[in-house]
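Listed below are the residues making up each chain.
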Amino acid sequence: MVKFTTGGVCAPKGFRATGIHVGIKKGRTKKDLALIVSDVTANAAAVYTTNLVKAAPLLVTKNNLADGKAQAIICNSGIANACVADGVQKAEAMCRLVAKALNINHTDVIVASTGVIGQSIDLRPIEAGIPKLVSELSVDGGESAVDAIMTTDLVKKEVAVSIDIDGQVVKIGGIAKGSGMINPNMATMLAFLTTDADIKSSTLQKMLKSVTEESFNRVSVDGDTSTNDMLVIMANGLSGVKITGKSADKFQGTLSAVCVLLAKLMAKDGEGATKLIECSVTEAPNTKTAKKIADSIINSPLVKTAMFGADANWGRIMCAIGYSGARVDVSKIDVAFCNGAGRLLVCKQGMGVDFCEDKAAEVLKCDEVTIDVKLNQGNASATAWGCDLSYDYVKINGDYRS
């Protein structure tokens, strides 16, 4: 049984974290440098953005994780360290600074950055802040680390769970950032996961790839896939619980639940968003078709703006299904909007049905709305998450660099 607990990435045994302000971007006072450390070298795995343009920290991290080992994660916010000539050099230098301060191998450091693309990162404030960063590491520092990785995020994204495996407790913790530049296929996001389970790096990699497909790859805020997306996990084994056989299925199910929760938190916290949108596609001929349709609907700007205006414009949903590339019989499709305020059928067998506009407004003005699409053509299903598109999204992104 999964139980929620406190502590975020520090909930599992042997992990400490912190976040501080060092002044990576002048004129700002928010925390901008985070550090997560395992007491021992951990098995590790990662998934990266599908964008052809990849930020320097991803290249360095991928190289460092070639042996499946890591002990620390350093992450800055404010500057992405992407598309700059000295990017790799700066990312490697960040790893060395952390390694020296912790007395570990620099190849056991994961490095990540988030912020403005195309600006060279100044290492001087980072180097000056490393001693304080290391000295403030704490088992209570998970929330501080969340603060430091946030950019336009308004809500902290942190979760921790414990699970019983053969009478022993294993914990998984996670933090994430992501509010804009998010589109399925590892969207603009950074997510750092920790666990005290004893599990092989190769097994972790397979699990991470699988759970990503059902969580972070099902999220869309604005249709843009970032250069800096990264999801990493460290497993230090300090619980003493080996994950094999049936326990691997239970562990992966819990890991998936953690990732889905973080993904939904990102969708709900989309830049300028006023509500979380869930698109549930059921009775599809196969999972691939269900995913295509869910992604197309959740990524449609016209659907997003209709949700912002609480407008039951179901025709936009049918339109998104039509151009999704999925091969389905549109004359069999039912569409409904639902949440705690009720369920409203707006389309039956591909055609509109009469509905109460007042009831539609009541349902769509809630801060969470499910678009329920029943294809009536099979047994497969898929779910995707997103948010509405508001005036504030344009305001936020119109002056992001400044």
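Located above this text is the structure these notes cover.
Calculation criteria
Residues numbered from 1 in each chain as written. Predicted model: local features only at pLDDT ≥ 70, side-chain atom pairs only at ≥ 80, totals over all residues. Heavy atoms only, no water. Helix = DSSP H or I, 4+ residues; strand = E, 2+ residues; numbered from the N terminus. Contact = heavy atoms within 4.5 Å. Buried < 20%, exposed > 50% of the residue type's maximum accessible area, 1.4 Å probe, protein only. Pairing = 2+ DSSP bridges. Salt bridge = Lys/Arg side-chain N within 4 Å of Asp/Glu carboxyl O. Axes fitted to C-alpha atoms, helices over the stretch in contact; angles between N-to-C directions. Parallel < 35°, antiparallel > 145°, perpendicular 65-115°, else oblique. Left-handed = near helix turned anticlockwise from the far one by under 90°. Nonpolar A, V, L, I, M, F, W, Y, C, P; charged D, E, K, R; others polar.

Draft legend 1. Local environment of the environment of Leu33. Looking at the secondary structure, you find Leu33 in strand β3 (residues 33-48). Other than its neighbours up to four places away in sequence, Leu33 contacts Thr18, Gly19, Ile20, Val22, Ile74, Cys75, Asn76, Ile126, Leu133 and Ala148.

Draft legend 2. View of unusual backbone geometry. A positive phi is found at Asn81, a non-glycine position, where the angle reads about 50°. The residue Asn81 is located in the loop between β4 (69-79) and α2 (87-102) in this model. The phi dihedral of Cys83 falls on the positive side, at around 60°, and the residue is not glycine. Inspection of the secondary structure puts Cys83 in the loop between β4 and α2.

Draft legend 3. Representation of the pairing of strand β8 (residues 190-195) in the model. Counting buried positions along β8 yields 6 of 6 residues, so the element is predominantly enclosed. Burial of β8 is two-sided: the residues Leu190, Phe192 and Thr194 facing one way and the residues Ala191, Leu193 and Thr195 facing the other way are all buried. Across 6 bridges, β8 lies against strand β10 (residues 230-235) in parallel orientation. Following the sheet pairing, Thr194 is matched in β10 by Met234.

Draft legend 4. Structural detail: the pattern of salt bridges. All told, the structure shown has 13 salt bridges when counted by the stated rule. Notably, a salt bridge pairs Arg16 with Asp39, separated by 3.4 Å at the nearest N-O pair. Here Arg16 is found in strand β2 (residues 15-20), whereas its partner Asp39 is found in strand β3, with 23 residues between them in sequence. Judged by relative accessible area, which is 29%, Arg16 ranks as partly exposed. Linking Lys90 and Asp86 is a salt bridge whose minimum nitrogen-to-oxygen distance equals 2.9 Å. Each of Glu213, Glu214, Arg218, Lys291 and Asp295 takes part in salt bridges that share partners, so that together they form one network.

Draft legend 5. Main features of the packing of helix α5 (residues 201-213) against helix α6 (residues 246-268). At a minimum axis distance of 10 Å, the contact between α5 and α6 shows a crossing angle of 45°. Here α5 is positioned oblique relative to α6, judged by the angle of their axes. Along this stretch, α5 crosses α6, giving a crossing that reads as right-handed. Contacts between α5 and α6 involve Leu204, Met207, Ser210 and Val211 from the former and Ala248, Phe251, Gln252, Leu255, Ser256 and Cys259 from the latter. Per-class residue counts for the contact of α5 with α6 are 7 nonpolar, 3 polar and no charged.

Draft legend 6. Layout of the environment of Val109. The residue Val109 is located in strand β5 (residues 109-116) in this model. Separated by 103 residues in the primary sequence, Val109 and Thr6 have C-alpha atoms spaced 25 Å apart. With residues up to four places along the chain from it excluded, the contact list for Val109 reads Asn64, Ala72, Ile74, Cys95, Val98, Ala99 and Ile104.

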